[in-house]
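This is what each chain is made of:
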Amino acid sequence: MATEELDVDLAAREDLRKLGYAQEMSRSRGLLHILFMTLAIMAVRRSPLLLNETLPYCSTAYGLAAPIATSLVGGGPVVMVWGWLLVSAFTQTLALSLAEICSKYPTSAGAYYWCFRLASPKYKVLLSWINGWLTMVGVWTIALSVTFGAAQLIVAGVGIYRPNWVATPWQTYVIFLGVTAVALVFCLFFNKYLPTIDILCACWTALGIVVILICLSVKAAAGRRPISFALGGFDPAASGWTPGWSFFIGLLPILSQLISKIQVASMAEEVHNPSRILPRAIAWSVPIGAIWGVVFLLPIVFTLPDVATLLSVPSGQPIGVMFTLAMGSNGGGFGLWFIVFDVGLFCAISISCAASRATWAFARDKAIPFHGHFSKISPHISDVPVNALFLSTTIQVLLGLIYLGSSTAFNAFVGVAVMCLGASYAMPVAISVANGRKDVRDAPFSLGRAGNVVNGIAVLWILFAIVLFSMPAVVPVTPVTMNYASVVFIGFAIISAVWYTINGRYHYSGPPVPCDMSSAQSPRSTPAPSKLD
């Protein structure tokens, strides 16, 4: 087994060299590790939610319950169950499209490298730059979304025993700092155990879903709903939108949950046989996650407490109250909350790890200020891009400060994360389609004749998602309930363009390509010994 892994890793090292990079990290992750990491990353998401007039645009964090809060506002059970399946189906086209490209170009550089290799020589540097910064903004803000969401989940847990307590912004921020610190410590000092932690997260999530399924189904203290409500209940009144558009508004948190899965491409250079393993993990993560989600959601919609009660929770965190009412006791509600919270903490660790790798890869290609500093792999802590990890963590901490001044402005970053990541993923797919898919015909993971249809659906779906995330969750719109995600999105685009004009066009020439190399030592980085050597 060790000899087989050695041969596979040596082949992967040579393939990476042909892509223009040297092997700097040890390959320690297999299919299960990466697949479970995608499931860990999807486990928690924050969602904007109009709950009451005193806290008009709140965020609730929850494990696989991510669709619940905004989906209640968007229409209820129909949005929660059928919306989840609809989004899963469309997101699968994106996952398959990127799995195909990733199988040919398995590098931690990810989408911006793919754009560079697929685009025409005239535009490849600019498109790669744009895509890279979309990716950076996306991974930083999605990581912020998860870690801050875990902090909000702690507030919900406290609310089970102190239902009238409303956390102040600074209290929530301090809790957020604690969650961020825990994620940082694990990524920094327990890196070699992270693959095992991802497996533990998947096992804990599966066990937790079964426990929640049994507990809610047996107890149902708030009553049982008929199947007509559980699978057909739809009330868009809370959103103020027309029924059709209200349904799509309820899909917001589901979209953010599934799109972020594909971020594991940044782990490519730590995977055994990435051309085979990574695309399989990406392709399978969506349907497996969809099944887990359905199993989790069904007992909830059949035992859902009064929606008006959930939307009037003083703290703005309905998940703890929902479990408490369904279980009929604080202890029962806290037990189910604890399952979800642990999943959230696992997710914060996984997403922080992936964000640090994406940051390191972009710095390696000289696209980030002080790139020489942030592209270093620590000689003291094995396989950890320490400087890139601290950069991504620092950015999260600084962006979190916005919550102290305006929760409305802070909530815009949730939508921006999905808009940026979605756009960055759609770009290489769109470029491939524009080229007649000639560059991916020999991809190890090939979509064959179905490629054009699958790619086309994926691109159109992302375009629709970007429009959706630019819309306010409720109407009529006020300065407080306005969705400023599009403003932040354009703001980041302007900053990226200005930085390119000032610095990027002089120092960024794009990722390396095979023709850049004249010998085995030509890749951008100096090879580091592998643990298998």
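## Remarks on the overall build of the protein chain
So, step 1. Along the backbone of the protein chain there are 21 helices and two strands.
So, step 2. Taken over 533 residues, the protein chain has a buried fraction of 59%.
So, step 3. The contacts in the protein chain between residues at least 6 apart in sequence include a share of 81% that link residues at least 24 apart.

## Topic: the pattern of salt bridges
So, step 1. Summed over all chains, the structure comprises two salt bridges.
So, step 2. Here R437 and E100 are joined by a salt bridge, their closest N and O atoms 2.8 Å apart. With R437 in the loop between α19 (407-434) and α20 (451-468) and E100 in helix α4 (residues 77-104), this pair connects stretches of sequence that are 337 residues apart.
So, step 3. Judged by relative accessible area, E100 falls into the buried class, the value being 1%.

## Concerning the packing of helix α15 (residues 330-364) against helix α17 (residues 386-400)
So, step 1. Look at α15 against α17: their axes get within 8 Å of each other, and the N-to-C directions meet at 115 degrees. Relative to α17, the element α15 is oriented roughly perpendicular. Like other packed secondary-structure pairs, α15 and α17 cross with a definite hand, here right-handed. In this structure, α15 uses S352, S356, T359 and W360 to contact α17, whose residues at the interface are A388, L389, L391, S392 and Q396.
So, step 2. Of the residues in the contact of α15 with α17, the class split is four nonpolar, five polar and no charged.

## A closer look at the nonpolar core
So, step 1. The biggest cluster of nonpolar side chains holds 149 residues, and the ones touching the most others in it are W114, M136, I212, L216, F323, F362 and I368.
So, step 2. Those residues in contact with M136 that sit more than four places away from it in its chain are A358, T359, F362 and I368.

## A look at helix α8 (residues 194-219)
So, step 1. Over its 26 residues, α8 extends 36 Å from the first C-alpha to the last, a length consistent with the 38 Å expected when each residue adds 1.5 Å.
So, step 2. When α8 is considered as a whole, its buried residues turn out to be L194, P195, I197, D198, C201, A202, T205, G208, I209, I212 and L216.
So, step 3. Where α8 ends, the next residue or the one after it, A220, has phi of about 45 degrees, a positive value.

## With respect to the packing of aromatic side chains
So, step 1. For the coordinates displayed, the defined rule picks out 23 aromatic pairs.
So, step 2. Members of the aromatic cluster, connected to one another through ring pairs, are F90, W241, W245, F247, F248, W461 and F464.
So, step 3. For the cation-ring pair, R225 lies above F229, with the distance from its terminal atom to the ring centre recorded as 4.1 Å.
So, step 4. Positioned above the aromatic ring of W360, the side-chain terminus of R364 is 4.4 Å from the ring centre.

## Some thoughts on the packing of helix α6 (residues 124-161) against α17
So, step 1. The contact between α6 and α17 brings their axes to 9 Å, and the two run at 65 degrees. The way α6 lies across α17 gives a crossing that is right-handed. When α6 is examined against α17, the residues W140, T141, A143, L144 and T147 are found in contact with a partner set consisting of L391, S392, I395, Q396, L399 and G400.
So, step 2. By residue class, the composition of the contact of α6 with α17 is six nonpolar, five polar and no charged.

## Looking at unusual backbone geometry
So, step 1. For A220, which is not a glycine, the phi torsion comes out positive at approximately 45 degrees.
So, step 2. Position of A220 relative to the elements: it lies in the loop between α8 and α9 (227-230).
So, step 3. With a phi angle near 45 degrees, N273 is a residue other than glycine that sits in the positive phi range.
So, step 4. Of note, N273 is situated in the loop between α11 (252-259) and α12 (274-302).

The rules we used
Residues numbered from 1 in each chain as written. Predicted model: local features only at pLDDT ≥ 70, side-chain atom pairs only at ≥ 80, totals over all residues. Heavy atoms only, no water. Helix = DSSP H or I, 4+ residues; strand = E, 2+ residues; numbered from the N terminus. Buried < 20%, exposed > 50% of the residue type's maximum accessible area, 1.4 Å probe, protein only. Contact = heavy atoms within 4.5 Å. Salt bridge = Lys/Arg side-chain N within 4 Å of Asp/Glu carboxyl O. Axes fitted to C-alpha atoms, helices over the stretch in contact; angles between N-to-C directions. Parallel < 35°, antiparallel > 145°, perpendicular 65-115°, else oblique. Left-handed = near helix turned anticlockwise from the far one by under 90°. Nonpolar A, V, L, I, M, F, W, Y, C, P; charged D, E, K, R; others polar. Core = buried A, V, L, I, M, F, W, Y, C linked by side-chain atoms within 4.5 Å. Expected span 1.5 Å × (residues − 1). Phe/Tyr/Trp six-rings, centres within 6.5 Å; stacked < 30°, edge-to-face > 60°. Lys NZ or Arg CZ within 6 Å of the ring centre and 35° of its normal.

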